[in-house]
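# Inside the fold
What follows is each chain in one-letter form.
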Amino acid sequence: MFIYWRVQQDLSCLKEILLFHDPGLIRCCRQWVRCHAAAIALAEAL
């Protein structure tokens, strides 16, 4: 999921939006973000 998150961050810099349509992928992404919320907050603070 790190790769999807990284692509999403790069696209947001370009003012683009990455949308997931697969329910399983959406669930996995949400779960990954919850698990790594502290690391994501540190990465976005830089």
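Every value quoted in this text rests on a predicted model; they were computed, and no experiment measured them.

The rules we used
Residues numbered from 1 in each chain as written. Predicted model: local features only at pLDDT ≥ 70, side-chain atom pairs only at ≥ 80, totals over all residues. Heavy atoms only, no water. Helix = DSSP H or I, 4+ residues; strand = E, 2+ residues; numbered from the N terminus. Buried < 20%, exposed > 50% of the residue type's maximum accessible area, 1.4 Å probe, protein only. Lys, Arg positive; Asp, Glu negative; His and termini not counted. Charge placed at Lys NZ, Arg CZ, Asp CG, Glu CD. Phe/Tyr/Trp six-rings, centres within 6.5 Å; stacked < 30°, edge-to-face > 60°. Contact = heavy atoms within 4.5 Å.

### Focus: the overall build of the protein
Secondary structure summary: the protein contains three helices and zero strands in total. Taken from N to C terminus, the helices and strands of the protein fall in the order α-α-α. With the C-alpha coordinates of the protein rotated into their principal frame, the extents come out at 30 × 25 × 10 Å. Taken over 46 residues, the protein has a buried fraction of 11%. Averaged over its 5 positive side-chain charges, the protein has a centre that lies 8 Å from the centre of its 4 negative ones.

### Some remarks on the packing of aromatic side chains
Applying the stated criterion across every chain, the model contains three aromatic pairs. Ring centres of Phe2 and Trp5 lie 6.0 Å apart, and the angle between their planes is 35°; on these two criteria the pair is classed as tilted. Here Phe2 and its partner Trp5 are both found in helix H1 (residues 2-13), three residues apart, which amounts to about one turn of the helix. Residue Phe2 is classed as partly exposed on the basis of its relative accessible area, which comes to 47%. Members of the aromatic cluster, connected to one another through ring pairs, are Phe2, Trp5 and Trp32.

### Quick word on the environment of Leu18
In this structure, Leu18 sits in the loop between H1 and helix H2 (23-35). For the pair Leu18 and Val7, spaced 11 residues apart in sequence, the C-alpha to C-alpha distance is 8.3 Å. Those residues in contact with Leu18 that sit more than four places away from it in its chain are Tyr4, Val7, Gln8 and Leu11.

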